[in-house]
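# Descriptive analysis of the structure
Spelled out from the first residue to the last, the chains are:
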Amino acid sequence: AAPGEPHGFLTGLVAAAEAEAARRGIALAGAGIGVPSHLLGTLGVPYAAVLAPSGGLAPYGWSAVGTLPPALALNPATGVIAGTPTAIGSFPFAVEVTDGSAQTASAPLSITVVPVPVLSSIAVTPAAPALLTGATQQLTAIGTFSSGATQDLTSQVVWSTSSAAVVTVDAA
């Protein structure tokens, strides 16, 4: 590197951190941290995100300024944020990385922890099949969750009938 340049340390912010820094009016002087594009966790579900420096000299040291979600921690040697979130909310903080030549860079981040989606409804299709005697019909069960997400639950539901004289159920 040229005199006065930090060994090309941490050049090129990932777009998410760069945009956030620009939005906040923060000048990071050409330094950057690779930031995962999706910082979203689910309450009670194990979480991990890897922060990565770009450039610089190993070893790297990582630290967080501010409050990470409860039960999440930043590993100071690896840059991995991990744990199982125990609280819902948005948790803004900053991360700082220092390389082996004592050059530093920081970036603002935020992790949002959302509740575990709850199954709201199950739709069976076709809803009212009309079949001839001896015919078969494949049914599908689609679950809708409180988050708005849907999932095919066909292989996970227990199929039964209230009228075995009219219809039989084969789980195969």
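Residue numbers run consecutively from 1 along every chain, following the written order of its sequence. Totals for whole chains, interfaces and linings use every residue, but because this is a predicted model, local features are given only for residues with pLDDT of at least 70 and side-chain atom pairs only at 80 or more, for both listing and counting. Only hydrogens and water are set aside; all other atoms, that is, all heavy atoms of the structure, feed into the side-chain values.

The next thing to look at is the overall build of the protein. Helical segments are the DSSP runs of H or I of at least four residues, strand segments are the runs of E of at least two, and each set is numbered from the N terminus. On a plain count of helices and strands, the protein comes out with one helix and twelve strands. Between buried and exposed lies partly exposed: a residue is buried under 20% and exposed over 50% of the maximum accessible area for its type, with that area taken using a 1.4 Å probe on protein chains only. Split into buried and exposed, the 172 residues of the protein put 24% on the buried side. Considering only contacts within the protein whose residues lie at least 6 apart along the sequence, 49% involve residues at least 24 apart. Summing over all exposed atoms, the protein offers an accessible surface of approximately 10100 Å²; the carbon and sulfur share of this is 59%. Residue contacts are counted whenever heavy atoms from the two residues lie within 4.5 Å of one another. The Shrake-Rupley method, run with a 1.4 Å probe sphere, supplies the accessible areas, and residue values consider only the shown protein chains as cover.

Moving on, we come to the nonpolar core. Tyr47, Leu51, Ile81, Phe93 and Ile111 are the most contacted members of the largest nonpolar core, which has 17 residues in total. Elements that contribute at least two residues to this core include exactly strand S3 (47-50), strand S6 (72-74), strand S8 (89-98) and strand S9 (104-114). The criterion is simple. A nonpolar core is a set of buried Ala, Val, Leu, Ile, Met, Phe, Trp, Tyr and Cys residues joined through side-chain atoms within 4.5 Å.

What follows covers the sheet that holds strand S11 (residues 140-145). In any sheet, the strands associate via hydrogen bonds between backbone groups, in a parallel or an antiparallel arrangement. Here, any two strands with at least 2 DSSP bridges between them count as paired. An order of S10-S11-S12 is seen for the three strands of this open sheet, with the pairing classed as antiparallel. With partners counted over all chains shown, the strands left at the sheet margins are strand S10 (119-125) and strand S12 (150-152), one partner each. Taken pair by pair, the neighbouring strands of this sheet meet at an average axis angle of 25°, ignoring direction. The axes used here are C-alpha line fits, helices contributing only the stretch in contact, and every angle between their N-to-C directions lies in the interval 0 to 180 degrees.

Fine structural detail should not be taken from predicted coordinates in areas where pLDDT scores are low. Each residue carries a pLDDT score, the predictor's own confidence in it, on a scale running from 0 to 100. Here the protein shows a mean pLDDT of 78. Residues at 70 or above account for 77%. Confidence, read as mean pLDDT per element, is least for helix H1 (residues 15-24) in the protein (42) and greatest for S6 (97). Note on residues 1-31: pLDDT is under 50 here. Beyond four places in sequence and across chains, it has 55 contacts.

The sheet built from four strands is open, its strands ordered S2-S9-S8-S5 with mixed pairing. If you trace the sheet from one side to the other, it starts and ends with strand S2 (40-42) and strand S5 (61-66), each paired once. Going across the sheet, the axis of each strand differs from the next one's by a mean of 35°, ignoring polarity. Bridge analysis of S2 against S9 gives three bridges, and the strand direction is parallel. Across the sheet, residue Gly41 finds its bridge partner in S9, namely Val113.

A few words now on unusual backbone geometry. Along the chain, Ala58 connects to Pro59 via a cis peptide bond; the corresponding omega equals 0°. One can find Pro59 in the loop between strand S4 (52-53) and S5. Residue Pro126 is reached from Thr125 by a cis peptide bond, and omega for that bond is -5°. Along the polypeptide, Pro126 turns up in the loop between S10 and S11. A positive phi is found at Ala71, a non-glycine position, where the angle reads about 80°. Looking at the secondary structure, you find Ala71 in the loop between S5 and S6.

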